[in-house]
Amino acid sequence: MLRMGVRLLSVVAVVWCTGLFGQDQDFSKVQIKVSKVSGNIYMLEGAGGNIAASVGEDGIVIVDDQFAPLADKIQAALKNLGITDKPVRFVINTHYHGDHTGGNAPFANAGSTLIAQDNVRKRLETGGAAGNGGSVRMEVKPAPKAALPIITFEHDVTVHLNGEDIRALHFPAGHTDGDAVIFFPKNNVVHMGDDFVRYGFPFIDVTSGGSVQGMIAATEKVSTQQPPDVKVIPGHGGLSNLDDVRAFVTMLKETSAAVQKAIDEKKTLEQMKQEKILESWKKWSGEFVDSDKFIETLYNSLTGTKGDFVKHN
Ligand SMILES: [Zn+2]
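Here's what I pulled together on the structure shown here.

Thresholds applied
- Residues numbered from 1 in each chain as written.
- Predicted model: local features only at pLDDT ≥ 70, side-chain atom pairs only at ≥ 80, totals over all residues.
- Heavy atoms only, no water.
- Donors = N, O, S within 2.8 Å, 3.2 Å for Na, K, Ca; no water.
- Tetrahedral: all angles 85-135°; square planar, octahedral: opposite > 155°, others 65-115°.
- Helix = DSSP H or I, 4+ residues; strand = E, 2+ residues; numbered from the N terminus.
- Buried < 20%, exposed > 50% of the residue type's maximum accessible area, 1.4 Å probe, protein only.
- Pairing = 2+ DSSP bridges.
- Phe/Tyr/Trp six-rings, centres within 6.5 Å; stacked < 30°, edge-to-face > 60°.
- Arc of directions from axis to C-beta.
- Contact = heavy atoms within 4.5 Å.

**Things to note about the coordination of the zinc ion**
So, step 1. With distances of 2.1 to 2.3 Å, the protein atoms coordinating the zinc ion are His95 (NE2), His97 (ND1), His175 (NE2) and Asp194 (OD).
So, step 2. In this structure, the zinc ion is coordinated by four donor atoms arranged in irregular fashion, with angles at the metal of 85 to 171°.
So, step 3. Counting residues between consecutive donors of the zinc ion along the chain gives the motif H-x1-H-x77-H-x18-D. Note that His95 is positioned in the loop between strand E5 (88-92) and helix H3 (98-101) and His175 in the loop between strand E11 (164-171) and strand E12 (179-184), a separation of 80 residues in sequence.
So, step 4. The class of His175 is buried, set by a relative accessible area of 0%.

This is how it looks when you write it as structure tokens:
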């Protein structure tokens, strides 16, 4: 059990270093970079997930809110646009992870109404574990009441502000089981949450009900049904387009097929790693999710293995 404990601690350290969950990070030096995406839609980058903002005569709607210590900087960056003195009226969460919902409590305390899919509220409320069902794993503490979404939806919800029908649509079992993709149809922008990221092989939170099949379904639907020139805000990384999404979908399908083939050939997870079965896609291997961790992710996703929740402190 000691060996297991050491392994888990080192894995947690790796996750922390990447900043995806934010613990142990120094936010004092983080600056919020604001870019205009289209019309009255802006993208804010700081630490954690990208933020989309609709800023206009009715006030402000943001998608995701990074980390609590950044809330004041995010508010200031929105005010500095000089477009409106009206507040952030709504915050829509793309999923429950702390690098996208960490600012929920300070925004709610400042008067914003939090909106998210039903499972986001459930997972924030109870806490639990996030992971790929294998070596990527971390505990998630229950969130304070102020951080819980007040309005939740099962399938979709629309916020009618700033002359736009901002629509949040649930895509089941992708990055997590509570993902929403947010559409700004008038401005031709979509925020994909962590169903689409630019840091390489994606983290799929199999432990929280995610699956590669669901991630493929979500990204493929967006890439085939959105206008060809739609501007795509990824969960992490720079502003993207549908070519980028299509390349991501292709990689997900091809790597899934490679792992499925190995499963059909009765290979073990260790054999798949030793044989480097994802070598052809190694340009996607990243610091957070390298090829071995992505093999684990796909193996667990395709075999329905969610991993055990092991308490380690
Ligand atoms: Zn996430």
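**Let's talk about the pairing of strand E6 (residues 113-117)**
So, step 1. Within E6, four of the five residues are buried, which leaves the element mostly enclosed by the surrounding structure.
So, step 2. Two strands pair when backbone bridges link them, and E5 and E6 are joined in this way by three bridges, in the parallel orientation. Counterpart to Ile92 in the pairing with E6 is Ile115.
So, step 3. The pairing of E6 with strand E9 (residues 151-153) spans three bridges and is classified as parallel. Looking at E9, one finds that Ala116 is bridged to Thr152.

**Concerning the packing of aromatic side chains**
So, step 1. Counted under the stated rule, the structure contains six aromatic pairs.
So, step 2. Ring geometry for Phe201 and Phe294: centres 4.5 Å apart, planes at 10°, overall stacked. Of this pair, Phe201 sits in the loop between strand E13 (189-191) and helix H6 (212-225) while Phe294 is found in helix H9 (residues 291-303), placing the two residues 93 residues apart along the sequence. Here the two residues Phe201 and Phe294 agree in accessibility, since each one is buried.

**Focus on helix H2 (residues 71-80)**
So, step 1. Burial in H2 covers these residues: Ala71, Ile74, Ala77 and Leu78. Mapping the buried residues of H2 onto a view down its axis gives an arc of 125°, with all of them on the same face. Turned more than 90 degrees away from the buried face of H2, the exposed residues are Asp72, Lys79 and Asn80.
So, step 2. Structurally, H2 contributes buried residues whose contacts are with strand E1 (33-38), strand E2 (41-45), strand E3 (51-56), strand E4 (59-63), E5 and helix H4 (104-109).
So, step 3. Positive backbone phi, at 75°, marks Gly82, one or two positions downstream of H2.

**Side note on the side chain of Thr297**
So, step 1. Position of Thr297 relative to the elements: it lies in helix H9.
So, step 2. Beyond its immediate chain neighbours, meaning those up to four positions away, Thr297 contacts Asn132, Ile204 and Val206.

**Thoughts on unusual backbone geometry**
So, step 1. The phi torsion at Asn162 lies on the positive side, around 55°, for a residue other than glycine.
So, step 2. Backbone geometry places Lys276, a non-glycine residue, at a positive phi of 45°.
So, step 3. For Lys276, the position within the fold is in the loop between helix H8 (269-274) and H9.
So, step 4. For Lys276, a relative accessible area of 53% corresponds to the exposed category.

Everything listed is a geometric property; what it means functionally is a separate question.
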